[in-house]
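# Per-entry structural report
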There are 2 protein chains.
Amino acid sequence: MSDQLSESVVASWARLARVSQGVLAAVEADLKTAGQPPLTWYDALLELKRVGEDGLRPAELQARMLLAQYNLSRLLVRLEQAGYVVRRPCPEDGRGQIVTITGAGRRLLPRMWRVYHSAIRAHFADKLTVAEAKTLGDLLGKITPG
Amino acid sequence: MSDQLSESVVASWARLARVSQGVLAAVEADLKTAGQPPLTWYDALLELKRVGEDGLRPAELQARMLLAQYNLSRLLVRLEQAGYVVRRPCPEDGRGQIVTITGAGRRLLPRMWRVYHSAIRAHFADKLTVAEAKTLGDLLGKITPG
DNA sequence: AGCGGATTAATGCATTTGCATCAAGATTGA
DNA sequence: TCAATCTTGATGCAAATGCATTAATCCGCT
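Residues numbered from 1 in each chain as written. Chains lettered and ligands numbered in written order. Predicted model: local features only at pLDDT ≥ 70, side-chain atom pairs only at ≥ 80, totals over all residues. Heavy atoms only, no water.

Once that is clear, we can look at the relation of the copies chain A and chain B. The operation relating chain A to chain B is a screw motion whose rotation component is 180°, with 0.0 Å of axial translation and a residual RMSD of 0.1 Å. The superposition of one copy onto the other is thereby described by a two-fold rotation axis. (Least-squares fit on C-alpha atoms with pLDDT ≥ 70 in both.)

Quick look at the structure:
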């Protein structure tokens, strides 16, 4: 192909793109079928649950989720409308706000997880041994963008 | 977490989701910065180039690309408007059509590849040895949805 | 031949994303 | 001190995606 990337590396790249996209889509589809919100909601709420009462600044959450700023802004609107988070003004920074998970948000997590974990199993975990999954995770860890 | 998935498998899953999303986004961003069309265009045109003059039925292309039917339908509209493919009626099937890459489409591929391959290198290949990339590809191969 | 069901591709409408920009508040530095 | 700059988060508008449905055609069966 007149470049310095070996064929096999390009093939691995292509697989990463294709497989991850396919599996993600399959998991999302399972969630949707079960009447659950999209994965992004889970990710956001999980982060917020982890930090507890202190909550998070949107920019912080955005950084952890690798999400575009305007996407996070709108995700928060939806989460708030759904009653899963609250936003309050940030005392130290007049521009900012602090986002906290609500009780309803906490209760959503296990409900989503029930669907989510079996989707992970069906579309991902069942196809690998634990050792393989670990190797995969380690390799992926090396290519983390951050 | 009160389920049968081991922590490490869930962690690998999370990495797959996060890393692939991040890297894909980075590559897309590089393409956009260089004024090139999105990755999907490349994938579609590459498939069409491979099959040559015979072209492909949309349903066939859709299956190869793991794309929703309506998404492919609209992708083809855009590609045709841009002059990179042509659609002609299918002689054996009155419902169908045959999609073929044009000369302009063929010329687009190397132009995109110039940006694409260096994005792959920067965001993916440079972070792994060839052996690691191969292992990664093999592992991903085991979880192919299709 | 002709009906019932499946397949192919498109499309109207709602939601989501992307892009560019903006307003408000913080921070820096002369 | 206060203007210039940066950061934070929102938003108008355009493009893309998802969903449900549709029209046309094909196929299997009687």
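This part covers the protein's contact with DNA strand C. The immediate surroundings of DNA strand C are formed by 19 residues, with A:Tyr70, A:Asn71, A:Gly94, B:Lys32 and B:Arg95 found nearest. If you look at DNA strand C and keep only atoms within 4 Å of the protein, 57% of those are sugar or phosphate atoms. Residue A:Asn71 places a side-chain N or O atom 2.7 Å away from a phosphate oxygen belonging to DNA strand C. At a separation of 2.9 Å, a phosphate oxygen of DNA strand C approaches a polar side-chain atom of B:Ser73. The residue inventory of the surface near DNA strand C, partitioned by class, reads 4 nonpolar, 6 polar and 9 charged. (Near = heavy atom within 4 Å. Polar contact = N/O pair within 3.5 Å; in protein donor to acceptor, adjacent residues only side chain to side chain. Nonpolar A, V, L, I, M, F, W, Y, C, P; charged D, E, K, R; others polar.)

Turning next to the pattern of salt bridges. Under the definition given, this model contains 18 salt bridges over all chains. Among the salt bridges present, the one from A:Asp138 reaches A:Lys134, with a minimum N-O distance of 3.4 Å. In this pair, A:Asp138 and A:Lys134 are both assigned in helix H6 (residues 130-142), 4 residues apart and thus about one turn of the helix distant. Notably, a salt bridge pairs B:Asp93 with B:Arg57, separated by 3.3 Å at the nearest N-O pair. With B:Asp93 in strand S2 (residues 93-101) and B:Arg57 in the loop between helix H2 (39-51) and helix H3 (58-65), this pair connects stretches of sequence that are 36 residues apart. Where salt bridges share partners, they join A:Glu47, A:Arg50, A:Glu60 and A:Arg64 into one cluster. (Salt bridge = Lys/Arg side-chain N within 4 Å of Asp/Glu carboxyl O. Helix = DSSP H or I, 4+ residues; strand = E, 2+ residues; numbered from the N terminus.)

It is worth spelling out the packing of aromatic side chains at this point. Geometry of an aromatic ring pair is reported as the spacing of the ring centres plus the angle between the planes. All chains considered together, the criterion is met by 12 aromatic pairs over all chains. With centroids separated by 6.4 Å and ring planes inclined at 75°, the aromatic side chains of A:Trp13 and B:Tyr116 adopt a geometry described as edge-to-face. Residue A:Trp13 is found in helix H1 (residues 7-33), and its partner B:Tyr116 is found in helix H5 (residues 103-123); the two belong to separate chains. For the pair A:Trp13 and B:Tyr116, one class covers both residues: buried. (Phe/Tyr/Trp six-rings, centres within 6.5 Å; stacked < 30°, edge-to-face > 60°. Buried < 20%, exposed > 50% of the residue type's maximum accessible area, 1.4 Å probe, protein only.)

Most often, soluble globular proteins keep nonpolar side chains buried together rather than apart. Core analysis: the biggest nonpolar cluster contains 92 residues, and A:Phe124 and B:Phe124 have the highest contact counts within it. Residues contacting B:Phe124, with those up to four places away along its chain left out, are A:Val9, A:Ser12, A:Trp13, A:Leu16, A:Ile143, B:Ala119 and B:Leu136. (Core = buried A, V, L, I, M, F, W, Y, C linked by side-chain atoms within 4.5 Å. Contact = heavy atoms within 4.5 Å.)

Right, let's talk about the interface of chain A and chain B for a bit. Counting residues at the interface gives 49 residues for chain A, matched by 49 residues for chain B. Note on chain A versus chain B: buried area summed over both sides is about 5000 Å², and carbon and sulfur give 72% of it. Residue A:Lys142 is joined to B:Glu132 by a salt bridge in which the shortest nitrogen-to-oxygen separation is 2.6 Å. Scanning the region where chain A abuts chain B turns up 12 residue pairs in polar contact (both at pLDDT 80 or more). Elements supplying a minimum of two residues to the side of chain A that touches chain B: H1, helix H3 (58-65), helix H5 (103-123) and H6 of chain A. Considering every element that reaches the side of chain A that touches chain B, the biggest residue donor is H1(A), with 16 residues. (Buried area = accessible area lost by both parts, 1.4 Å probe.)

A few words now on the protein's contact with DNA strand D. Around DNA strand D, 19 residues are found, and the nearest of them are A:Lys32, A:Arg95, B:Tyr70, B:Asn71 and B:Gly94. The contact atoms of DNA strand D, taken as those within 4 Å of the protein, divide so that sugar and phosphate hold 59%. A:Arg57 places a side-chain nitrogen or oxygen 3.3 Å from a phosphate oxygen of DNA strand D. Listed by contribution, the elements that provide at least two residues to the surface near DNA strand D are H3, helix H4 (69-81) and strand S2 (93-101) of chain A together with helix H4 (69-81) and S2 of chain B. The class makeup of the residues in the surface near DNA strand D is 4 nonpolar, 6 polar and 9 charged.

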